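Listed below are the residues making up each chain.
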Number of protein chains: 2
Amino acid sequence: MMAEWKDCINDLKGVVLDICGVLYDSGEGGGVPIPGSVEAVKRIKASGLKLRFCTNETQATRDKFVAKLQRMGFDISVNEVFSPAPAACKILKDRGLRPHLLVYDEVVPEFADVDKSNPNCVVVGDAADNFSYKNVNEAFRVLIGLEKPVLISLGRGRYYKETDGLKLDVGIYMKALEYACDIEAEVVGKPAKMFFQSALADMGVEPHQAIMIGDDLVNDVGGAQQCGMKALQVRTGKYRPNDEKHPTVKADGYVNNLAEAVDGILKHLGE
Amino acid sequence: MMAEWKDCINDLKGVVLDICGVLYDSGEGGGVPIPGSVEAVKRIKASGLKLRFCTNETQATRDKFVAKLQRMGFDISVNEVFSPAPAACKILKDRGLRPHLLVYDEVVPEFADVDKSNPNCVVVGDAADNFSYKNVNEAFRVLIGLEKPVLISLGRGRYYKETDGLKLDVGIYMKALEYACDIEAEVVGKPAKMFFQSALADMGVEPHQAIMIGDDLVNDVGGAQQCGMKALQVRTGKYRPNDEKHPTVKADGYVNNLAEAVDGILKHLGE
């Protein structure tokens, strides 16, 4: 099985990891590490390979999110993590956009420095329980009242897995608002090319020298491949067996978990 | 302006009216009649033209909905009203489907005779405040757990107007669940052809002998036209000036309100 993908990584210099569903499963109490993943991150770093994390996590500020992962034992720091909210803030400032936020309470502080008065766009993130009818309707009214409605979505995921089951992600509310206003959202975060490119540029690594490891076939694997990277899908997190028969997206390899992926990569590079 | 459309109605035998946004504006306390509409309904009936009402209303049982309209002064009876819930019940029974309901509390009694144990499909209606994240997620989990997910949507409207402003309609939650599960919903109600055809058959009138009057360009006007009927859009309810520049749907006429439409029709037929 390994032979199928490890021949592609002879030039490997950098690894990009998804976090939720790859490092840990989220859920009540913050979630739990996936067995072997704490050690796998350590092994990548010890190998000399560059490492960055690309997450669509928007239920906490990046600082708090990283602190949580550190408490679980992960060797990870804020400047290694690419997440949509800081990327969106940059876009908002560059374009003079003042957002109405439909996001999780805990991520609001990321937008502290952004002018939110008299909104001329809507930013939607994974708001979870904040996706009440009232709140979604309020975001809709802001959009429909604009001459040119601008909707920025922090990711376009369909669902993710928490310890108590599958949970709907930001993408479905993005689709809902797109349909309501007959518009197309601008996606910040995976699978947007620019998001992967930021992480690659930060490592100083070319796409063909990098591999992405994620549990989301379309947003992690498909997104990275469209950037020219190789990509593995782990059979943890939101992975479902049907992913391996997907009509348009095919991972360069499927592995049981991050530990197995890292084991395969390091053994191959050490040969 | 009238001349544009009244030449098309020489054979007119039947009228189909939308209710919300044409007869009345909904909202707190049940809503208020649109000026002139009570009298307009009376005039159609007195003229000898056949009359049916096609509504995507799914916030109450048909009985209660009609009783509310009667209290507002409308000459309307239950057997003149075509609404999605009774149509959906027939489909569920015919196909042995057991629904998980994501609907407004008040419409649940319409499904009293339908087996809802061990669900093998989801029925979504305009659930308004029942569209909490928890409830939408629950419907999603039912669908994603089915080998062949079946989603039945009571209409596909984007939004409607209540006295306190625009409100998101069932269509956006249909789109959200379609995207989440990568499926296509089956729509019962407008703009489904079968829905208009039921009303026409009940009147014993051919499509070219009938005219639809509605405030929703796509679901009322476009749906009726696809059935071979003529259709007018009223400038009440959810009407927006941009509707008159829609790229694909063009009404046979635009009128300020139902009273003006009926006035034009009856004057023309009386000539």
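As named in an unreviewed UniProt entry, chain A is Phospholysine phosphohistidine inorganic pyrophosphate phosphatase, taken from Huso huso. Recorded under Cofactor (unreviewed entry), the UniProt text for chain A is reproduced unchanged: "Mg(2+)". As stated in UniProt under Function (unreviewed entry), the record for chain A gives "Phosphatase that hydrolyzes imidodiphosphate, 3-phosphohistidine and 6-phospholysine. Has broad substrate specificity and can also hydrolyze inorganic diphosphate, but with lower efficiency."

Regarding its fold elements, chain A presents 9 helices and 14 strands. For chain A, whose C-alpha radius of gyration is 18 Å, the value lies close to the compact-globule estimate of 18 Å for 271 residues. Each of the three principal axes of chain A carries a C-alpha extent, and together these read 60 × 35 × 35 Å. Expressed as a percentage of its 271 residues, the buried residues of chain A come to 57%. Within chain A, residue pairs in contact and separated by at least 24 positions form 65% of the contacts whose partners lie at least 6 positions apart. For chain A, the exposed surface amounts to about 11300 Å²; the carbon and sulfur share of it is 47%. Taken together, the 33 basic and 39 acidic charged side chains of chain A have centroids lying 1 Å from each other.

To continue, consider the sheet that holds strand S5 (residues 81–82) of chain A. All names here are of chain A. Read across the open sheet, the 6 strands follow the order S5-S4-S1-S12-S13-S14; overall the sheet is parallel. With one partner strand each, in any of the chains shown, S5 and strand S14 (253–255) form the two edges of the open sheet. Seen against the sheet, helix H2 (residues 37–47) touches strand S1 (14–17) and strand S4 (50–54) and runs at an angle of roughly 140° to S4. Against the sheet, helix H7 (residues 193–203) engages S1, S4, S5 and strand S12 (210–214), with an angle of about 155° to S4.

What follows concerns the interface of chain A and chain B. Listed per partner, the contact involves 29 residues of chain A and 29 residues of chain B. In total, about 2800 Å² of surface goes out of reach between chain A and chain B, with carbon and sulfur atoms giving 60% of it. Counting the contacts that link chain A with chain B gives 0 salt bridges. Linking chain A with chain B are 14 residue pairs in polar contact (both at pLDDT 80 or more). Those elements that place two or more of their residues in the side of chain A that touches chain B are helix H5 (133–144), strand S9 (159–162), strand S10 (165–168) and helix H6 (170–181) of chain A. For the side of chain A that touches chain B, the element with the most residues is H6 of chain A, which contributes 7 residues.

Residues and elements named next belong to chain A. By the alternation rule, side chains of strand S7 (residues 121–124) split into Cys-121 and Val-123 and Val-122 and Val-124, which are all buried. Direction of pairing for S7 relative to strand S8 (residues 151–154): parallel, over a ladder of 3 bridges. Of the residues in S8, the one forming a bridge with Val-122 is Leu-151. The parallel pair S7 and S8, bridged by H5, forms a crossover whose chirality is right-handed.

Moving on, we come to the relation of the copies chain A and chain B. Two copies of one chain are present, and they are related through a rotation about an axis combined with an axial shift. Least-squares fitting of chain A to chain B yields an RMSD of 0.0 Å, with the transformation described by 0.0 Å of translation along the axis and a rotation of 180°. Overall, the copies show the geometry of a two-fold rotation axis. The fraction of interface residues of chain A whose copies in chain B are also interface residues reaches 100%, indicating that both copies meet through the same surface.

Moving on: the pattern of salt bridges. Using the criterion set out here, one finds 26 salt bridges over all chains in the structure. Among the salt bridges present, the one from Lys-175 of chain A reaches Glu-178 of chain A, with a minimum N-O distance of 3.6 Å. With a gap of 3 residues between them, Lys-175 of chain A and Glu-178 of chain A both fall in helix H6, about one helical turn apart. Relative accessible area serves as the criterion here: at 25%, Lys-175 of chain A is assigned to the partly exposed category. By relative accessible area, Glu-178 of chain A is classed as buried at 11%. Measuring nitrogen to oxygen at the nearest pair gives 2.8 Å for the salt bridge that ties Lys-190 of chain B to Asp-220 of chain B.

All names here are of chain A. For the structure on display, the rule yields 2 cavities of 30 Å³ or more. Forming the boundary of the largest cavity are Glu-57, Thr-58, Ala-60, Thr-61, Arg-62, Phe-65, Ser-83, Ala-85, Val-107 and Glu-110. Looking at the lining of the largest cavity residue by residue, the class counts come to 4 nonpolar, 3 polar and 3 charged. Considered as a void within the structure, the second largest cavity measures approximately 30 Å³ in volume. Along the lines of polarity and charge, the residues of the lining of the second largest cavity split into 4 nonpolar, 3 polar and 3 charged.

Next up on the list: the side chain of Asp-169 of chain A. Residue and element names in this part refer to chain A. With respect to the helices, strands and loops of the structure, Asp-169 is situated in the loop between S10 and H6. Within the buried set, Asp-169 has no salt-bridge partner at all; the shortest N-O distance to an opposite charge, 4.8 Å, is to Lys-238. Excluding its chain neighbours within four sequence positions, the residues that come into contact with Asp-169 are Asp-126, Gly-157, Arg-158, Tyr-159 and Tyr-160.

Residue and element names in this part refer to chain B. Inspection of the secondary structure assignment puts Ser-47 in helix H2 (residues 37–47). Put simply, Ser-47 and Gly-270 are 223 residues apart on the chain and 9.6 Å apart in space, counted from C-alpha to C-alpha. Here the side chain of Ser-47 touches Leu-49 through a polar contact of 3.1 Å, landing on its backbone nitrogen.

Residues and elements named next belong to chain B. Taken residue by residue, helix H7 (residues 193–203) has Phe-195, Phe-196, Ala-199, Leu-200 and Met-203 as its buried positions. Buried residues of H7, seen end-on, are gathered within an arc of 135° and therefore sit on one face of the element. Relative to its buried face, H7 has exposed residues pointing more than 90 degrees away, namely Met-194 and Ala-201. On its buried face, H7 is in contact with strand S1 (14–17), strand S4 (50–54), strand S5 (81–82), helix H4 (84–94), strand S12 (210–214) and helix H8 (217–226). Gly-204 sits one or two residues past H7 and shows a positive phi near 70°.

Right, let's get into the sheet that holds strand S6 (residues 99–102) of chain A. All names here are of chain A. Taking strand neighbours across the sheet as the criterion, the 4 strands line up as S6-S7-S8-S11 in an open arrangement whose pairing is parallel. Two strands lie at the open edges of the sheet, namely S6 and strand S11 (186–188), each paired on one side alone. Averaged over all neighbouring strand pairs, the angle between strand axes comes to 25°, with direction disregarded. Relative to S7, S6 is paired through 4 bridges, and the arrangement is parallel. Along S7, the bridge assignment pairs Leu-102 with Val-124. Relative to S11, helix H4 (residues 84–95) is tilted by about 130°, and along the sheet it contacts S6, S7, S8 and S11. Lying over the sheet, H5 contacts S6, S7 and S8, oriented at roughly 160° with respect to S6.

How each quantity is defined
- Residues numbered from 1 in each chain as written.
- Chains lettered and ligands numbered in written order.
- Predicted model: local features only at pLDDT ≥ 70, side-chain atom pairs only at ≥ 80, totals over all residues.
- Heavy atoms only, no water.
- UniProt positions renumbered as here; feature names shortened; annotations may be inferred.
- Helix = DSSP H or I, 4+ residues; strand = E, 2+ residues; numbered from the N terminus.
- Rg over C-alpha atoms; globule rule 2.2 N^0.38 Å.
- Buried < 20%, exposed > 50% of the residue type's maximum accessible area, 1.4 Å probe, protein only.
- Contact = heavy atoms within 4.5 Å.
- Areas by Shrake-Rupley, 256 points an atom, 1.4 Å probe, with all protein chains shown as cover.
- Lys, Arg positive; Asp, Glu negative; His and termini not counted.
- Charge placed at Lys NZ, Arg CZ, Asp CG, Glu CD.
- Pairing = 2+ DSSP bridges.
- Axes fitted to C-alpha atoms, helices over the stretch in contact; angles between N-to-C directions.
- Buried area = accessible area lost by both parts, 1.4 Å probe.
- Salt bridge = Lys/Arg side-chain N within 4 Å of Asp/Glu carboxyl O.
- Polar contact = N/O pair within 3.5 Å; in protein donor to acceptor, adjacent residues only side chain to side chain.
- Right-handed = clockwise from strand over helix to strand, strands pointing away.
- Least-squares fit on C-alpha atoms with pLDDT ≥ 70 in both.
- 1 Å grid on protein atoms, 1.4 Å probe; cavity = no way out; pocket = protein on both sides within 12 Å on 5 of 7 lines; lining within 4 Å.
- Points joined across faces, edges and corners; volume = space filled by probe spheres on them.
- Nonpolar A, V, L, I, M, F, W, Y, C, P; charged D, E, K, R; others polar.
- Arc of directions from axis to C-beta.

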